[in-house]
Amino acid sequence: MRRLGGYLYALPERSPVLLGNLLVLLVAPLGILLSTFWATGPHPHGSGIGGKFLNMDGSIYQNIALTGYRSQLVGSAQDHNIAFFPLYPLITHSLSLLLGNSGPWVFILPGLVFGLCSNDLFYRLAEQILPEASAAWATLFFALWPACCFIFMGYATGLANLCALLSLTHYISGRKLRAAVWCGVGTAAAPAMVFFAAGLCGDAGYEWLSDKRPLVRVPRLILFGLLSVSGLIGFMIYQLIKFHNPIAFIIMQQAWAQQPENFSQHLMNFFNINWYFVVFVFVQHAVNGIQHRNFLVTADGRNSIDIAFQYMLGWLVFWASLAAIAIAAHRFPQKPLVWTGACIWLGYLWFNVTGVGYFFNALRLVYPVVVVFLLLGSWSIKHRIFRYALLGLSMVLAVLEMSLVLAGYDVL
């Protein structure tokens with residue numbers, strides 16, 4: 001019995017990928033169980049378990065895979081689906097044709113597989129940077145990040161993480177062109193990868209400026225830059241041919257959230273300190289709604305409480321990730337980690353926080369900022385209580401997010 005206990009105690013450091021994937025796979029059934037305790041939210045789902053998982057953006061990816069792209073600002077989300085990047089729908093479309101099946105699991109399982117594989121890739125990357133035990137715990141924190149719930153929902157989250165980690169692993173190992181290729185593949189999967197590409201290009205540009213013969217390396221630097229965004233370039237060419245507008249995907253973002261009226265208004269939001277604390281207005285609105293407006297009675301009222309919670313969680317993640325990037329700049333010699341993390345953070349700041357959607361989707365969109373998890377792994381070795389408490393909190397939040405999705409609420 002003592003041997004079994006000792007084995008279980010050492011398991012996180014001996015088999016972090018296996019343990020992490022097992023815990024991730026527990027998120028779904030635990031989320032299903034917890035969802036039965038929530039009153040139904042305002043967003044209906046499809047039939048069966050697969051239909052409940054495949055909703056929100058996942059259902060739009062499915063629609064793209066089955067019917068192709070459309071570009072209209074009117075109508076349902078499917079009428080402006082050009083805002084979604086094409087790689088994941090291409091993969092699921094091919095799988096659907098291969099299997100002769102268009103059921104929901106065909107559009108869910110690839111994302112789940114990509115997500116689980118990305119945990120293994122993260123561990124390989126972490127081993128290059130951290131001591132073995134720290135790398136193991138960093139992997140567990142990465143695997144159990146609350147946004148892991150999205151890999152069950154037909155999203156491109158796992159695919160984007162996979163491309164980011166492949167790119168970073170090759171780049172840090174000195175295989176720059178391979179890194180650029182994988183980064184380019186990722187830019188066809190998710191917008192965050194475009195900012196990730198900017199980070200790699202920034203690091204490559206810094207190296208080029210410090211080179212004694214910079215002119216000789218100009219063609220290689222240009223090739224690196226083009227390859228790193230090749231997926232996005234291909235997507236823009238497709239839009240130019242089909243919709244006669246290479247940036248139709250940006251215009252279609254207006255269908256989800258109101259853009260600032262002009263660039264100057266956007267810039268004012270960026271520099272307005274008060275703007276970053278409007279999140280507490282949402283929280284106050286939710287509290288007042290519970291006390292005086294019967295928010296707990298109606299589906300929309302409960303969803304307002306949920307949205308306030310999601311914004312608050314996103315706000316905390318946003319500032320915590322900034323702190324992690326700043327600390328990593330001094331702690332890790334691998335500067336691409338800092339460059340890519342900083343560019344993703346800045347892209348999220350400009351296009352979401354001060355742009356189209358405030359603090360929504362922070363958990364998911366900052367997932368490729370791997371320095372957050374590397375730092376957590378580094379700190380966890382010295383603080384045993386901290387690592388177990390934080391891992392438990394991550395698991396609880398992942399299950400909570402999963403349950404809210406299944407119950408019909410917004411998870412941002």
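All of these numbers come straight from a predicted model, not from anything done at the bench.

Comments concerning the overall build of the chain
Move 1: Broken down by element type, the chain carries 20 helices and zero strands.
Move 2: Scaling as 2.2 N^0.38, a compact globule of 412 residues should have a C-alpha radius of gyration of about 22 Å, and the chain matches this with 21 Å.
Move 3: Based on the C-alpha atoms only, the size of the chain along its principal axes is roughly 70 × 70 × 55 Å.
Move 4: Burial analysis of the chain (412 residues in total) assigns 51% to the buried set.
Move 5: Considering only contacts in the chain between residues 6 or more positions apart, those separated by 24 or more positions represent 74%.
Move 6: Total accessible area on the chain is roughly 19000 Å²; 68% of this is exposed by carbon and sulfur atoms.
Move 7: Across the chain, the centroid of the 22 positively charged side chains sits 10 Å from that of the 14 negatively charged ones.

Focus: a nonpolar patch on the surface
Move 1: A surface patch of nonpolar side chains, amounting to about 560 Å² of accessible area, comprises Ile222, Leu226, Ile233, Ile237, Leu240 and Ile241.
Move 2: Listing elements by their share of the nonpolar patch, those giving two or more residues are helix H11 (218-228) and helix H12 (230-243).
Move 3: At four residues, H12 tops the list of elements feeding residues into the nonpolar patch.
Move 4: Inspection of the secondary structure puts isoleucine 222 in helix H11.
Move 5: Since its relative accessible area comes to 49%, isoleucine 222 is described here as partly exposed.

Re the pattern of salt bridges
Move 1: Scanning the model with the defined rule gives three salt bridges in all.
Move 2: Its salt-bridge partner being arginine 364, residue aspartate 57 comes within 3.7 Å of it at the nearest N-O pair. Taken together, the positions of aspartate 57 in helix H4 (residues 57-67) and arginine 364 in helix H18 (residues 362-365) put the pair 307 residues apart, joining distant regions of the chain. For the pair shown, aspartate 57 and arginine 364 are each scored as buried.
Move 3: A salt bridge links aspartate 120 to arginine 124, with the nearest nitrogen and oxygen atoms 3.0 Å apart. Within this pair, aspartate 120 and its partner arginine 124 are both found in helix H6 (residues 104-129), separated by four residues, close to a single helical turn.
Move 4: Taking the relative accessible area as the measure of exposure, aspartate 120 reaches 26% and is therefore partly exposed.

Here's the deal with the confidence of the model for the chain
Move 1: Residues of the chain with pLDDT of at least 70 account for 92%, and the chain-wide mean is 88.
Move 2: This stretch, residues 1-9, has a pLDDT under 50; its non-local contacts, to residues over four places away or in other chains, come to four contacts.

Description of unusual backbone geometry
Move 1: Phi is positive for histidine 244, close to 60°, though the residue is something other than glycine.
Move 2: Position of histidine 244 relative to the elements: it lies in the loop between H12 and helix H13 (248-251).
Move 3: In this structure, asparagine 294 takes a positive phi of about 55° despite not being glycine.
Move 4: With respect to the helices, strands and loops of the structure, asparagine 294 is situated in the loop between helix H15 (279-292) and helix H16 (299-331).

With respect to the state of the cysteines
Move 1: Counted by the stated rule, this structure contains zero disulfides.
Move 2: The thiol of cysteine 149 is not disulfide-bonded; the next cysteine sulfur, from cysteine 148, is found 6.3 Å away.
Move 3: Summary of cysteine pairing: cysteine 183 is not part of a disulfide, and the nearest cysteine sulfur, belonging to cysteine 201, is at 7.0 Å.
Move 4: Judged by relative accessible area, which is 0%, cysteine 183 ranks as buried.

Here's the deal with the packing of H15 against H16
Move 1: Contact geometry of H15 with H16 gives a least axis separation of 9 Å together with a crossing angle of 150°. Considered as vectors, H15 and H16 are oriented roughly antiparallel to each other. Where H15 crosses over H16, the two elements pack in a sense that is left-handed. Across from Val279, Phe280, Phe282, Val283, Ala286 and Ile290 in H15, the residues of H16 making contact are Ser304, Ile305, Ala308, Tyr311, Met312 and Trp315.
Move 2: Of the residues contributing to the contact of H15 with H16, the split by class is eleven nonpolar, one polar and no charged.

What counts, and where the lines are drawn
Residues numbered from 1 in each chain as written. Predicted model: local features only at pLDDT ≥ 70, side-chain atom pairs only at ≥ 80, totals over all residues. Heavy atoms only, no water. Helix = DSSP H or I, 4+ residues; strand = E, 2+ residues; numbered from the N terminus. Rg over C-alpha atoms; globule rule 2.2 N^0.38 Å. Buried < 20%, exposed > 50% of the residue type's maximum accessible area, 1.4 Å probe, protein only. Contact = heavy atoms within 4.5 Å. Areas by Shrake-Rupley, 256 points an atom, 1.4 Å probe, with all protein chains shown as cover. Lys, Arg positive; Asp, Glu negative; His and termini not counted. Charge placed at Lys NZ, Arg CZ, Asp CG, Glu CD. Patch = residues over 30% accessible without salt bridge, like charges linked within 9 Å, V, L, I, M, F, W, Y side chains within 5 Å. Salt bridge = Lys/Arg side-chain N within 4 Å of Asp/Glu carboxyl O. pLDDT = per-residue confidence, 0-100. Disulfide = S-S within 2.5 Å. Axes fitted to C-alpha atoms, helices over the stretch in contact; angles between N-to-C directions. Parallel < 35°, antiparallel > 145°, perpendicular 65-115°, else oblique. Left-handed = near helix turned anticlockwise from the far one by under 90°. Nonpolar A, V, L, I, M, F, W, Y, C, P; charged D, E, K, R; others polar.

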